[in-house]
Amino acid sequence: MTNDDSLPKDKGFDRSLQMLKEGYTFIRNRENKYHSPVFETKLLGEKTYCMVGEEAAKVFYDNGKFRRQDAAPKAVEKTLFGEGGVQGLDGEDHRQRKEMFMSLMTKDSLDDIQSITTGVWKKYVNRWKDREKVTLYDESKKMMAETALTWAGIPFEEKDVDEWAKELSDLFEKAADVSISHFLSRRSRSKAEAWIEELVDEIRKGERKVRETTPLFKVSFHKDKNGELLELHTAAVEILNLIRPITAVSVYITFLGLALHDFPVAAEEVKEGGEEERKRFIQEVRRYYPFFPFVIARVDKDFTYHGASFEEGTLTLLDLYGTNHHPDSWSKPDSFQPDRFHNWFGSPFDFIPQGGGDHEKGHRCAGEWITLRILNESLRVLTDSITYHLPEQNLKYELNDIPSLPKSGIELEYVKKKG
Ligand code: HEM
Ligand code: MYR
């Protein structure tokens, strides 16, 4: 076995605080310093390997080398992921649970969420006509919460949408927070889980009727490999694993708004173009802007990579943002160029805003197609269906803020339907 010393080490103290300070650039900064896409550091009191780039992503997603059990920090499990959910499963348990998620991503189901998105946008644009100013991020969170609940088949009243939006977004907005917000986020999770558990219980007992085609029904009656229904709590965690990230698509909608403003030439191409131009613009938004910073796993069995031995049990981070901006895979990575996706034949490992590898066999995001459908519809509305004006505001977003958003949330003035 090769000497472990060949892996550069971030010597000295725990780097957790430094990681929060440097945010999305933490891993790339050290890659540049050590001239190595793999290095060792210390995070949350543990020895941790960090990796970035297409080659590293191939290793990270090579089933068998890493496991997810006990990988995510407790704080992230208590807020973003939930305990007992698909993110922390391995092997056959993961395969079966993931199959449940992927079975919800049929063409009909995607068409369904797209038409729900269209309807929700229409409703909100109508509402905005009496308002001088709206904030795109705030409105998108509500629109996406409503889209998520409708698509999943969760009963709700119009008046409760704002509260759903707040609670669901608490789960991803504050996931990387170590302050009081962390506890607010935990409280939102407990509240949402309790309410969904009750719902699933009523459905199972036949006290509440929901359509059999809905994700709510399907998760409620999904059987794990032992042939038993999911525990109520696990079912609630997995239903939240659908409606929380759909709400999080609001972050990308906000970045669509920013890109349309910051890159007028590319914006003009979308406005004059059609489906293809929209697709390229959306891919570039997902590549260019920061959102999910890195994924996390533990070495499952000792192996050697980059001349160093990776020890079983060691925490490992794969940098998603850094890989999407890596100069080995992208020319002018820090420039916004939707055309790079024209005739693009990338691999499942170099463009990984929602994780890499295979959707069915690995942990790659189950909701990638949903995200694309919602963004396509949202970009169509922003460019084809409405006009608006951006007043003076602070549009800056920071790479040391996880998750990052333009400071103003993007204020839009005088939103009007076209035509
Ligand atoms: C997993 C990002 C939207 C459901 C993931 C992962 C990332 C990610 C990075 C982890 C990949 C890994 O562990 O290797 C995002 C981003 C989204 C988004 C940035 C944009 C808002 C969605 C949507 C859904 C969804 C809309 C569902 C409707 C899931 C699920 C997993 C997952 C269930 C766990 C998959 C597994 O562990 O096998 N997502 N996602 N996500 N995502 Fe998303
Ligand atoms: C989702 O809700 O699953 C989709 C988007 C969430 C983005 C959350 C960004 C903060 C993540 C912090 C730590 C991740 C450690 C594995």
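Before going into details, it helps to say that this report is about the structure given with it. Here the residue numbers are simple positions, counted from 1 along each chain's written sequence. By the order in which they are written, chains take letters starting at A while ligands take numbers starting at 1. With the structure being a predicted model, the display of local features is reserved for residues of pLDDT at least 70 and the display and counting of side-chain atom pairs for 80 or more, all residues being used for whole-chain, interface and lining totals. Where side-chain values are given, they derive from all heavy atoms of the structure, hydrogens and water being excluded.

**Brief notes about the site of ligand 2**
Around ligand 2 lies a shell formed by Leu80, Phe172, Arg244, Pro245, Ala248, Phe291, Phe292, Pro293, Phe294, Ile296 and Ile402. A distance of 2.7 Å separates an oxygen atom of ligand 2 from a polar atom in the side chain of arginine 244. Counting residues per element, the ones that place at least two in the shell around ligand 2 are α11 (232–262) and β5 (294–299). Secondary structure elements follow DSSP: runs of H or I of four or more residues count as helices, runs of E of two or more count as strands, with numbering from the N terminus. For the shell around ligand 2, the element with the highest residue contribution is α11, accounting for 3 residues. Ten residue types, Ala, Val, Leu, Ile, Met, Phe, Trp, Tyr, Cys and Pro, are classed as nonpolar, four, Asp, Glu, Lys and Arg, as charged, and the remainder, Gly among them, as polar. In the shell around ligand 2, the residues fall into 10 nonpolar, no polar and 1 charged. Neighbouring residues are identified by heavy atoms, a residue being near a molecule or strand if any of them is within 4 Å of it. Under the rule applied, a polar contact is a pair of N or O atoms within 3.5 Å (in protein, one hydrogen donor and one hydrogen acceptor; residues adjacent in sequence only if both atoms are side-chain atoms).

**Description of the environment of serine 16**
Assignment of secondary structure puts serine 16 in helix α1 (residues 16–22). With a relative accessible area of 18%, serine 16 lands in the buried category. For the pair formed by serine 16 and threonine 41, sequence separation is 25 residues and the distance between their alpha carbons is 9.6 Å. Residue exposure (1.4 Å probe, protein chains only): buried if accessible area is under 20% of the type maximum, exposed if over 50%, otherwise partly exposed.

**Focus on the environment of proline 37**
Positionally, proline 37 belongs in the loop between α2 (26–34) and β1 (38–43). A residue is classified by how much of its surface remains accessible, and proline 37, at 21% relative accessible area, is partly exposed. As a C-alpha pair, proline 37 and valine 52 span 15 residues in sequence and 5.4 Å in three-dimensional space. Here a residue-residue contact requires only that any non-hydrogen atoms of the pair lie within 4.5 Å. Every residue in contact with proline 37, bar those within four places of it in the chain, is listed here: Glu31, Cys50, Met51, Val52 and His306.

**As for the coordination of the iron atom of ligand 1**
Coordination partners: N, O, S within 2.8 Å of the metal, 3.2 Å for Na, K and Ca; water not considered, so apparent gaps in a site are possible. Exactly one donor from the protein chain reaches the iron atom of ligand 1: Cys365 (SG), at 2.3 Å. Relative to the assigned elements, cysteine 365 resides in the loop between α14 (320–324) and α15 (368–385).

**Some points on the sheet that holds strand β10 (residues 411–417)**
By definition, two strands form a pair when at least two bridges between them are found by DSSP. The 3 strands are arranged β4-β10-β9 in an open sheet whose pairing can be described as antiparallel. Each having just a single partner strand, β4 (133–135) and β9 (386–389) make up the two edges of the open sheet. On average, each strand axis in the sheet is tilted by 50° relative to the strand beside it, whichever way the strands run. Across 3 bridges, β9 lies against β10 in antiparallel orientation. Within β10, the residue paired with isoleucine 386 across the bridge is lysine 417. Contacts from α15 reach β9 and β10 within the one sheet, and its direction differs from that of β9 by about 80°. Angles run from 0 to 180 degrees between N-to-C directions of axes, and those axes are lines fitted to C-alpha atoms, restricted for helices to the stretch in contact.

**A few points about the nonpolar core**
It is characteristic of soluble globular proteins that their nonpolar side chains tend to be buried jointly. Throughout, nonpolar core names a set of buried Ala, Val, Leu, Ile, Met, Phe, Trp, Tyr and Cys residues whose side chains join them through atoms within 4.5 Å. Judged by nonpolar contacts, the single largest core of 96 residues is most densely connected at Trp121, Trp151, Ile154, Ile243 and Phe281. When neighbours within four sequence positions are excluded, tryptophan 151 is seen to be in contact with Leu104, Met105, Ser109, Asp112, Ile113, Ile116, Pro215, Leu242, Ile246 and Ile370. If you look at the next biggest cluster of nonpolar residues, it comprises 21 residues, including Leu7, Met51, Ala308 and Phe349.

**Quick notes on the layout of surface pockets**
Of the voids in this model, the second largest pocket is the one considered here, and its volume is about 340 Å³. Around the second largest pocket, the lining comprises 16 residues; the ones closest to its centre are Lys279, Arg280, Gln283, Leu372 and Asn376. Looking at the lining of the second largest pocket, the elements with two or more residues in it are α6 (107–128), α13 (275–288) and α15. With 6 residues, α13 is the largest single contributor of residues to the lining of the second largest pocket. Here the residues of the lining of the second largest pocket sort into 6 nonpolar, 5 polar and 5 charged. In this analysis a 1.4 Å probe is tested at points of a 1 Å grid over the protein atoms alone, and where it fits but cannot get out there is a cavity; an open set with protein on both sides within 12 Å along at least five of seven lines is a pocket; lining residues have an atom within 4 Å of a point. Grid points are joined across faces, edges and corners, and a volume is the space filled by probe spheres set on the points.

**Here we look at the packing of α6 against α15**
Interhelical geometry of α6 versus α15 gives an angle of 35° and a closest axis separation of 9 Å. Once α6 is placed against α15, the crossing between them reads as right-handed. Two secondary-structure elements touch here, α6 through Lys107, Leu110, Asp111, Ile113, Gln114, Thr117, Thr118, Trp121 and Val125 and α15 through Trp369, Ile370, Arg373, Ile374, Glu377, Ser378, Arg380, Val381 and Leu382. For the contact of α6 with α15, a count of residues per class yields 9 nonpolar, 4 polar and 5 charged. A clockwise turn of the near helix away from the far one marks a right-handed crossing, whereas an anticlockwise turn of less than a right angle marks a left-handed crossing.

**Overview of the pattern of salt bridges**
A carboxyl oxygen of Asp or Glu within 4 Å of a side-chain nitrogen of Lys or Arg is what we treat as a salt bridge. A complete count under the given rule lists 45 salt bridges for this structure. A salt bridge links arginine 131 to glutamate 139; its shortest N-O distance comes to 3.4 Å. Note on arginine 131: relative accessible area 39%, which makes it partly exposed. Taking relative accessible area as the criterion, glutamate 139 reaches 4% and is therefore assigned buried. Across the pair aspartate 160 and lysine 159 runs a salt bridge, and its minimum N-O distance is 3.3 Å. On the accessibility criterion, aspartate 160 (26% relative accessible area) is partly exposed. Put simply, Asp10, Arg15, Glu22 and Arg30 are held in one network by salt bridges that share partners.

**Regarding helix α12 (residues 264–272)**
Inspection of α12 places Ala266, Ala267 and Val270 among the buried residues, and these make up the whole buried set. All buried residues of α12 lie within an arc of 100° about the axis, which places them on one face of the element. The exposed residues of α12 that point more than 90 degrees off its buried face are Pro264, Val265 and Glu272. Along its buried surface, α12 packs onto α11, α13 and α15. Throughout, the arc means that of the directions going from the helix axis to the C-beta atoms.

**Digging into the site of ligand 1**
Tyr61, Arg68, His94, His363 and Cys365 are the nearest of the 28 residues found near ligand 1. At 2.7 Å, a side-chain N or O of histidine 94 approaches an oxygen atom of ligand 1. Note that an oxygen atom of ligand 1 is positioned 2.7 Å from one of the side-chain N or O atoms of histidine 363. Taken together, the elements giving at least two residues each to the shell around ligand 1 come down to α5 (91–102), α11 and α15. A per-element tally of the shell around ligand 1 places α11 first, with 7 residues. When its residues are assigned to classes, the shell around ligand 1 shows 17 nonpolar, 9 polar and 2 charged.

By themselves, these are just geometric observations and shouldn't be taken as functional.
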